[in-house]
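# Descriptive structure summary
As a plain string of letters, each chain reads:
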Amino acid sequence: MTVPPYRGGATPFPVLAVGVARARRRGRGAQSNASGRYEAEARVAFDDGWQSLEELPPFKTTVSLDTSRKVIARNDSPDIGFDRSINPYRGCEHGCVYCFARPTHAYLGLSPGLDFESKLLAKPDAPELLEKELAAPNYEPRMIAIGTNTDPYQPIERDMKIMRGILGVLERAGHPVGIVTKSALVVRDIDILSRMAKRNLAKVALSVTTLDPKLARTMEPRASTPPKRLEAIRKLTEAGIPTTVMVAPVIPALNDSEIERILDAAAHAGAKEASYVMLRLPLEVRDLFREWLMANYPDRYRHVFTLIRDMRGGRDYDSQWGTRMKGTGPMAWMIGRRFEIACEKLGLNKRRSKLTTDHFARPRRNGQQLSLF
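Residues numbered from 1 in each chain as written. Predicted model: local features only at pLDDT ≥ 70, side-chain atom pairs only at ≥ 80, totals over all residues. Heavy atoms only, no water.

## Some thoughts on empty space enclosed by the protein
If a probe as big as a water molecule is rolled over the atoms, it shows which places are left empty. Worth spelling out the cut-off: Only protein atoms enter the 1 Å grid used here. Points where a 1.4 Å probe fits but cannot escape make up a cavity, open sets with protein on both sides within 12 Å along at least five of seven lines make up a pocket, and a residue lines them when an atom lies within 4 Å of a point. Grid points are joined across faces, edges and corners, and a volume is the space filled by probe spheres set on the points. In this count, Pro and Cys sit with the nonpolar residues alongside Ala, Val, Leu, Ile, Met, Phe, Trp and Tyr, while Asp, Glu, Lys and Arg are called charged and the others, Gly among them, polar.
Counted by the stated rule, this structure contains two cavities of 30 Å³ or more. Lining the second largest cavity are Pro252, Met278, Leu279, Ile308, Met311 and Arg312. A breakdown of the residues in the lining of the second largest cavity according to their chemical character gives five nonpolar, no polar and one charged.

What follows is the structure in structure tokens.
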């Protein structure tokens, strides 16, 4: 069925927009698959009385090629510690319902809902493109962040190995990299990362949202389990790789009570640094998170959103630089102080690992003549 598109706010077709049967989205995070905000039409599943919905297949993961000509993305945001990043994949099969990257799928004509976690795009030529960009005469090295949008170690990386290829290029070029992931698959690349870490070229941050297996399964259905992530922290630190635990996102009245326990578990696993990020609900993420909360924790719905608005100036989300990551108000202040006190007790953040560009050696371009000196 085709219905008129909507622009912002709550959909005028709430019954239609949410109707994806549980059997069809088993193992997925989002409850719905509403059309992207740039589409001229919105298509939804609608039972016309002939039981045709029963014939619809489950959502299966499909992978298409991303034909971008460049792989390094730039940003000038003043409240993050990097100005360039790489995303080997668009979309993420982990299916984290709170993922702030979901709205980017709307740029592709796809839904930020179930499409985001089932219709993926991969960049298999990313290592070659990266090497070409690093070889440019005007390229100035600074840390490249990977995993800041979608996870580079999501399940399809096990077979595609794009991330491993990227690390190989960065290692040969002596280029620093910072990785963010919630996947234990990162330990596969310990051989490369440990060699880079010895030269202050690599660090890894593991996101641990909760230690509750039921909550993790519901909220992050295809991500590594909490014990697997803690084990990854242990293996990385034992290999000499600087490892940070990220309590992210902190969701008031849902997982904020676990801050101290997560930090304690990560510190005992070997993490030396820690950070946290408050829940962010930009664009379509707000409605997707609301649907998920009503489906799984209806008794907490009003309380969670009341606290979110208290930390966002009365709104569901405030994108202002400097406050979007931590929020404002008494609740945000209390969470910040709890985090700081716990880190102090556990000896976290006593020293900050710093990466260097001193080892950078520009890759030679094809056909480039060798220097005589």
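## Some details on a positive patch on the surface
Using the following cut-off: Like-charged residues are merged into a patch within 9 Å and nonpolar side chains (Val, Leu, Ile, Met, Phe, Trp, Tyr) within 5 Å, provided each residue has over 30% relative accessible area and no salt bridge. Every accessible area reported is derived by Shrake-Rupley at a probe size of 1.4 Å, with residue values counting cover from the shown protein chains alone. Only one rule defines a salt bridge in this text: a Lys or Arg side-chain nitrogen within 4 Å of an Asp or Glu carboxyl oxygen. Positive: Lys, Arg. Negative: Asp, Glu. His and the chain ends are not part of the count. To locate a charge, the coordinates of NZ of Lys, CZ of Arg, CG of Asp or CD of Glu are taken. Strands here are runs of E lasting at least two residues and helices are runs of H or I lasting at least four, both read from the DSSP assignment and numbered beginning at the N terminus.
A contiguous patch of positive charge, built from Arg69, Lys70, Arg74 and Lys132, is present on the exposed surface. Note on placement: lysine 132 falls in helix 3 (residues 126-134).

## Focus on the nonpolar core
Keep this limit in mind: Nine residue types can take part in a nonpolar core, namely buried Ala, Val, Leu, Ile, Met, Phe, Trp, Tyr and Cys, and a core is a set of them joined through side-chain atoms within 4.5 Å. Burial here depends on accessible area, computed with a 1.4 Å probe over protein chains only, as a share of the maximum for the residue type. Under 20% is buried, over 50% is exposed, and the range in between is partly exposed. A contact between two residues is defined here by any heavy atoms of the two lying within 4.5 Å.
In this structure, Leu130, Leu170, Leu193, Ile233, Val245 and Leu263 are the most contacted members of the largest nonpolar core, which totals 65 residues. Among the elements that make up this core, the one with the highest residue count is helix 5 (residues 162-173) (seven residues). In this structure valine 245 touches Leu206, Val208, Ile233, Ile262, Leu263, Ala266, Ala271, Glu273, Ala274 and Ser275, once residues within four positions along its chain are discounted. Counting 23 residues, the second largest nonpolar core, distinct from the first, contains Tyr98, Ile251, Leu279 and Val285.

## Here we look at the confidence of the model for the chain
We count it as follows: Confidence scores per residue from the predictor, reported as pLDDT, run from 0 to 100.
Of the residues in the chain, 90% have a pLDDT of 70 or more, and the chain-wide mean is 91. Within the model, pLDDT remains below 50 along residues 1-18, and this stretch shows 34 contacts once partners closer than five positions in the same chain are excluded.

## Quick notes on the sheet that holds strand 7 (residues 119-122)
Condition: When DSSP finds two or more bridges between a pair of strands, those strands are recorded as paired.
With mixed pairing, three strands are arranged side by side in an open sheet as 3-7-6. For this open sheet the edge positions go to strand 3 (62-65) and strand 6 (89-90), each flanked by a neighbour on one side alone. The pairing of strand 3 with strand 7 spans four bridges and is parallel. Residue leucine 65 lies in a different strand from strand 7, and its bridge partner there is alanine 122.

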